[in-house]
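Next come the chains, spelled out residue by residue.
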Amino acid sequence: MSERIAIVTGAASGIGKAIATALVQNGDSVVIADIDQEQGWATATEIDGHFVQVDLLQPAACRRLVDETIDRYNRVDILVNNAGFQHIDPIDQFPLEVWKNMLAVMLTAPFLLTKYVWSSMQANAWGRIINIASIHGRVASPFKSGYVTAKHGLIGLTRTAALEGGQHGITVNAICPAYVKTPLVENQIADQTRTRQLSPQEVIEQVMLSPAAIKRLITSEEVAALVIYLCSEAAGVVTGADWVIDLGWTAR
Ligand code: NAD
């Protein structure tokens, strides 16, 4: 396939931006979908993508994103469900509104976008759907009930869609990273150096990566490289899998 059309959600920064960049470098046309207008335009200009501003909380925005992509390019070949956010609170204090928003952005939006791109992929007998879950789609941590629930659900959606997509040439996979060096995590490191009186390296090794075999953060580019593989022809028989990139976290 010469030119493929990809939608990457949450592509204004972090992991999504790295995935969008890698796809553009691969020769694909990329729709950068994000709520952040300023950063979204900046990323689209920087990497030569096409920005569509969306709030994935809204089902109608999911519909509009796919419609606008098909209006512009006539097809969707690749969907990367990446947008997400974190909220930390004990269960008895976890706000219902935050819980609902987490499930809406990280579970319902991937479902709706999968539903809406399906007919285009089916018509072309080719599609790649990649869900950026998390190691918290496989294991839990305290105080992250909304995030852990949404990410576990996303793996269930991945497996179901993979079973339905096989006969149509559509593969569906999830990627489950541990800590990735994004602006979000870098801010957490800076905070912890102050509160714990540790060096940045000590925060990474002793606080964030204590269960990991490899004591460094993952880069966004390392996640993007796996996306490129999963979008390749070589990965045509790989589907329904949750790909762990966790520095050995869950090996024990
Ligand atoms: P990030 O905050 O840098 O990027 C997330 C992007 O999603 C932002 O650009 C944000 O504007 C966008 N977004 C948030 N809510 C949105 C909404 N309602 N509508 C549209 N866009 C919205 O974070 P990141 O670290 O790059 O995370 C990307 C994905 O990777 C998330 O799903 C996250 O759960 C997952 N992940 C991250 C890590 C990590 O350590 N950074 C580890 C495992 C999984």
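Numbering of residues starts from 1 in every chain and runs along the sequence as written. Totals for whole chains, interfaces and linings use every residue, but because this is a predicted model, local features are given only for residues with pLDDT of at least 70 and side-chain atom pairs only at 80 or more, for both listing and counting. Excluding hydrogens and water, the side-chain values take into account all heavy atoms of the structure.

To continue, consider the environment of T160. Structurally, T160 can be placed in helix α5 (residues 145–165). Between N or O atoms, a polar contact is any pair within 3.5 Å; within protein, one atom must be a potential hydrogen donor and the other a potential acceptor, and residues adjacent in sequence are included only when both atoms are from side chains. Polar side-chain contacts of T160 include one of 2.9 Å to the backbone oxygen of G156. A run of H or I in DSSP becomes a helix once it reaches four residues, and a run of E becomes a strand once it reaches two; helices and strands are each numbered from the N terminus.

Strand residues, when the strand is regular, have side chains that alternate between the two faces of the sheet. The classification of residues rests on relative accessible area computed with a 1.4 Å probe and restricted to protein chains. Under 20% of the type maximum is buried, over 50% is exposed, and intermediate values are partly exposed. Side chains I78 and V80 project from strand β4 (residues 78–81) onto one buried face, and the interleaved L79 and N81 project onto a second face that is buried too. Here 4 bridges tie β4 to strand β5 (residues 127–132), and the two strands are oriented parallel to one another. Each bridged residue has a counterpart across the sheet, and for V80 the counterpart in β5 is I130. You can see the chain leave β4, run along helix α4 (residues 96–124) and come back into β5, and the turn it takes is right-handed. Here a strand pair is declared whenever DSSP counts at least two bridges between the two strands. A crossover counts as right-handed when, viewed with the strands pointing away from the observer, the path leading from the first strand over the helix to the second turns clockwise.

Here we come to the side chain of S220. Its place among the elements puts S220 in helix α8 (residues 220–230). If sequence neighbours within four positions are ignored, S220 has contacts with G14, I15, A18, V180, K181 and T182. By definition, residues are in contact when any of their heavy atoms lie within 4.5 Å.

Below, the discussion takes up the site of the ligand. I15, D34, N82, Y147 and V180 are the nearest of the 28 residues found near the ligand. Note that a nitrogen atom of the ligand is positioned 3.4 Å from one of the backbone N or O atoms of V54. Here an oxygen atom of the ligand sits 2.9 Å away from a polar atom, N or O, in the side chain of K151. Residue burial considers only the protein chains on display, and all accessible areas are found by Shrake-Rupley using a 1.4 Å probe. Protein burial of the ligand: of its 830 Å² of free accessible surface, 89% is covered by the chains. Here a cavity denotes a set of grid points, spaced 1 Å apart and computed over the protein atoms alone, in which a 1.4 Å probe fits but from which it cannot get out, and a pocket denotes an open set meeting protein on both sides within 12 Å along at least five of seven lines; residues with an atom within 4 Å of a point are reported as lining. Just a note on the criterion: a molecule sits in a pocket or cavity if more than half of its atoms are within 2 Å of the grid points. Assessed atom by atom at 2 Å from the grid points, the ligand resides in the largest pocket. Elements supplying a minimum of two residues to the shell around the ligand: α1 (14–25), α5 and α6 (183–196). For this classification, Asp, Glu, Lys and Arg are treated as charged, while Ala, Val, Leu, Ile, Met, Phe, Trp, Tyr, Cys and Pro are nonpolar and the rest, including Gly, are polar. Considering only residue class, the shell around the ligand consists of 17 nonpolar, 7 polar and 4 charged. When at least one non-hydrogen atom of a residue lies within 4 Å of a molecule or strand, that residue is treated as near it.

The subject of this paragraph is the pattern of salt bridges. Criterion for a salt bridge: a side-chain nitrogen of Lys or Arg within 4 Å of a carboxyl oxygen of Asp or Glu. The tally for this structure, following the rule as stated, stands at 11 salt bridges. Among the ionic pairs, E46 bridges to K17, the shortest N-O distance being 3.0 Å. Of the two residues, E46 sits in helix α2 (residues 37–47) while K17 sits in helix α1, which places them 29 residues apart along the sequence. Since its relative accessible area comes to 56%, E46 is described here as exposed. Assessed through its relative accessible area of 21%, K17 is described here as partly exposed. Residue R194 is joined to D191 by a salt bridge in which the shortest nitrogen-to-oxygen separation is 2.7 Å. Taken together, the residues R194 and D191, both in helix α6 and 3 residues apart, mark about one turn of the helix. What makes D191 partly exposed here is its relative accessible area of 40%. By sharing partners, the salt bridges in this structure join R138, R159 and D242 into a single network.

Nothing here speaks to function; it is geometry throughout.
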